[in-house]
Amino acid sequence: PANVVAGGSGFIASRILDILIEKGYDVVTTVRSAQSGNKILERYPKLSQDRLQYVVVEDITNVNSLTLILTKMCDYQALQSSNRPFDGVIHTAAPFTQTFSDPVKEMLDPAIKGTTAVLKAVKQSAPSVKRVVLTSSFIAMFNPQVAVYDGTSWNPVTRDEAVQNPRFTYSASKTLAEKAAWAFIDSEKPSFDLVSINPPLVFGPLRQHIASLDKVNTSNQRIRDMVQGKFSDKLPPTGIHLWVDVRDVALAHVRALEVPQAGGNRFLVAAGHMSNKKIAEAVIATHPELRSRLPAAEQLVDDTPPNVYGFDNAKAVEVLGITFRSSLRECVGDTVESLAAVGGI
Ligand code: NDP
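Fair warning: this is a prediction, and the values are worked out from it, not measured in the lab.

The rules behind the values
Residues numbered from 1 in each chain as written. Predicted model: local features only at pLDDT ≥ 70, side-chain atom pairs only at ≥ 80, totals over all residues. Axes fitted to C-alpha atoms, helices over the stretch in contact; angles between N-to-C directions. Helix = DSSP H or I, 4+ residues; strand = E, 2+ residues; numbered from the N terminus. Parallel < 35°, antiparallel > 145°, perpendicular 65-115°, else oblique. Left-handed = near helix turned anticlockwise from the far one by under 90°. Contact = placed C-beta atoms within 7 Å. Nonpolar A, V, L, I, M, F, W, Y, C, P; charged D, E, K, R; others polar. Expected span 1.5 Å × (residues − 1). Buried ≥ 20, exposed ≤ 12 C-beta atoms within 10 Å, placed from the backbone. Pairing = 2+ DSSP bridges. Right-handed = clockwise from strand over helix to strand, strands pointing away. Core = buried A, V, L, I, M, F, W, Y, C linked by C-beta atoms within 7 Å.

The description of two helices packed together rests on the angle between their axes and the distance between the axes. Two elements in contact, helix H4 (residues 103-125) and helix H6 (residues 166-188), have axes whose closest approach is 9 Å; the angle formed by their N-to-C orientations is 20 degrees. What the angle tells us is that H4 and H6 run roughly parallel. Once H4 is placed against H6, the crossing between them reads as right-handed. Between H4 and H6, the contacting residues are Pro 103, Met 107, Leu 108, Ala 111, Ile 112, Thr 115, Thr 116, Leu 119 and Lys 123 on the first element and Pro 166, Thr 169, Tyr 170, Ala 172, Ser 173, Lys 174, Leu 176, Ala 177, Ala 180, Ala 181, Phe 184 and Glu 188 on the second. Residue composition of the contact of H4 with H6, grouped by class: 14 nonpolar, 4 polar and 3 charged.

The structure is reproduced here in structure tokens:
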């Protein structure tokens, strides 16, 4: 079967592409520039052109351009043969950054309107699509009232808070985008169903092209900063105390397309608890030559609260069949290797 991945240039999406291609899917991915599309194709020099293509969608909120692309894709698939129908869409594209000047234009609109534009375009022009998988976030489930996260909670953040306080903008962009997606399914009753994948902080080795370490995706930045010695006096607060490996997150997206009973579910995909101290220890254990870049032992303080929330990822294990990589040390070690390969450590 064929699939569309929206936002194929990203950290998580690059791994999703790897898995889809390895499993024999034909893939069309949207990117924002031909340059990033070509960088993706360069990673698969032996792959025939009809297995992986990119299309440039400059504005993910533009329903018309998405509709045009999906219509062309359906026509193309129909011409090819009916045994490879175009049946799934994975929507990962959304800004994940803490640096922006306009919360609405740069963060909320691309996340929320981008999600509804993808759903609208699929409904209008791709009747063969059976499922859309959305990359949401643990932050969309985050709620101080919750003691054990099981994938059912919602972040109470509002649009007003998102606009007024940049600390809430990203979390609101994810929460409101996911809510808009479920509301679309309820009100529009399309012929496809929806699955959301909700990861906490995602670490792991890079597959996407980056020109330099300045361009590392947001969740890997703390590891980059540690190995570059930016926290050599003191570690910053951990923030979210759960992590997951990018390779498991990517597999969860692909399984979410494949497993019939995944439809209609939100999946918390978390591997374990973590803190910046644990990450620093993983760097030291796997790369002792970088020891001097990190705070001295007595300054390495674990800020995990004694009553830190629990999590239950049983649904992802049972329905999606994911065996989560549980070694933060290995994940961080692999991440450091891949950062070193970019150069600049
Ligand atoms: P990246 O920054 O590597 O990827 C983000 C992707 O979204 C890129 O393909 C990027 O395209 C695209 N994108 C960003 N802004 C826009 C925009 N305004 N319009 C269209 N496309 C845009 O990060 P990740 O791979 O980590 O993020 C992928 C998804 O996963 C996001 O939805 C993020 O919210 C979610 N997520 C990530 C977590 C993590 O810890 N990494 C945790 C939970 C959720 P371009 O390359 O052109 O910039």
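Here helix H1 (residues 11-22) spans 17 Å end to end across 12 residues, near enough to the 16 Å set by a 1.5 Å rise per residue. One or two positions beyond H1, positive phi appears at Gly 24, with a value near 95 degrees.

Among the secondary structure elements, Pro 166 is positioned in helix H6. Residue class for Pro 166 comes out partly exposed when judged on the 14 C-beta atoms lying within 10 Å of it. Taking the C-alpha atoms as reference, Pro 166 lies 8.8 Å from Thr 99; in sequence the two are 67 residues apart.

In terms of residue burial, strand E1 (residues 2-6) counts as a mostly covered element, since 5 of its 5 residues are buried. Because side chains alternate across E1, one face comprises the buried residues Ala 2, Val 4 and Ala 6, and the other comprises Asn 3 and Val 5, equally buried. As judged from the 5 bridges shared by E1 and strand E2 (residues 26-31), these two strands associate in the parallel manner. The residue of E2 that forms the bridge with Val 5 is Thr 29. Each parallel crossover has a hand, and for E1 linked through H1 to E2 it is right-handed. Judged from the 5 bridges that link them, E1 and strand E4 (residues 86-91) form a sheet pairing that is parallel. For Asn 3, the partnering residue across the bridge sits in E4 and is Gly 88.

Residues Ala 252 and Val 269 are the most contacted members of the largest nonpolar core, which totals 101 residues. The element best represented in this core is H4, accounting for 9 residues. For Ala 252, the contacting residues outside a window of four places in its chain are Ile 197, Phe 267, Val 269, Ala 316, Leu 320 and Ile 322.

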